[in-house]
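# Fold and contact review
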Amino acid sequence: MGDVSDEGTSVPTNPKAVYSVVFGAVAFPCLFIYPFLAFAIAVPSVTCGVFARREIRDSKGAVGGDMTAVIGLTIGVTTIAFVILTWLMSPYFRD
């Protein structure tokens, strides 16, 4: 299930991009149950997405999946932001 290039041939999707989406898809629902676990799973989602985008850029078209990596990055960063906001809004920070 890779991207299709201009010639019609299939380009393989970078596995780290797929891992990024999988980690993000697991991390976001965990946000509502165990925020620390969500944070711990969202960090690999972001790192896999960053490394995947770098590898895709450096491959010069041999590997696809840039949009998949962006989706994983977006989910991971959103989850991390929600965990931080939840932590800042907790009673520990109230006077």
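This write-up is about the structure you can find in this document.

Definitions and cut-offs
Residues numbered from 1 in each chain as written. Predicted model: local features only at pLDDT ≥ 70, side-chain atom pairs only at ≥ 80, totals over all residues. Heavy atoms only, no water. Phe/Tyr/Trp six-rings, centres within 6.5 Å; stacked < 30°, edge-to-face > 60°. Helix = DSSP H or I, 4+ residues; strand = E, 2+ residues; numbered from the N terminus. Buried < 20%, exposed > 50% of the residue type's maximum accessible area, 1.4 Å probe, protein only. Salt bridge = Lys/Arg side-chain N within 4 Å of Asp/Glu carboxyl O. Expected span 1.5 Å × (residues − 1). Arc of directions from axis to C-beta. Contact = heavy atoms within 4.5 Å.

## Description of the packing of aromatic side chains
Summed over the entire model, instances satisfying the criterion amount to 2 aromatic pairs. Judged by centre distance (6.3 Å) and plane angle (55 degrees), the ring pair of F28 and F82 falls under tilted. Separated by 54 residues along the polypeptide, F28 in helix 1 (residues 15-30) and F82 in helix 3 (residues 66-88) bring together distant segments of the chain. You can call F82 partly exposed: its relative accessible area is 39%. Among the aromatic residues, ring-to-ring pairing joins F28, F32 and F82 into one connected group.

## Quick notes on the pattern of salt bridges
Here the structure, examined in full by the defined rule, presents 3 salt bridges. In this structure, D66 engages R53 in a salt bridge whose closest nitrogen and oxygen atoms are separated by 2.8 Å. Taken as a pair, D66 in helix 3 and R53 in helix 2 (residues 35-59) lie far apart in primary sequence, 13 residues in all. For D66, a relative accessible area of 31% corresponds to the partly exposed category. Under the relative-accessibility criterion, R53 is labelled partly exposed at 37%. Residue D58 is joined to R57 by a salt bridge in which the shortest nitrogen-to-oxygen separation is 3.5 Å. When its relative accessible area of 48% is taken as the criterion, D58 is described as partly exposed.

## Examining helix 1
Its 16 residues place the ends of helix 1 23 Å apart at the C-alpha level, agreeing with the 22 Å of an ideal helix rising 1.5 Å per residue. Residues of helix 1 that are buried: A17, S20, G24, A27 and C30. In a view along the axis of helix 1, the buried residues occupy a sector of 145 degrees, so they form one face of it. In this structure, the buried residues of helix 1 make contact with helix 2 and helix 3.

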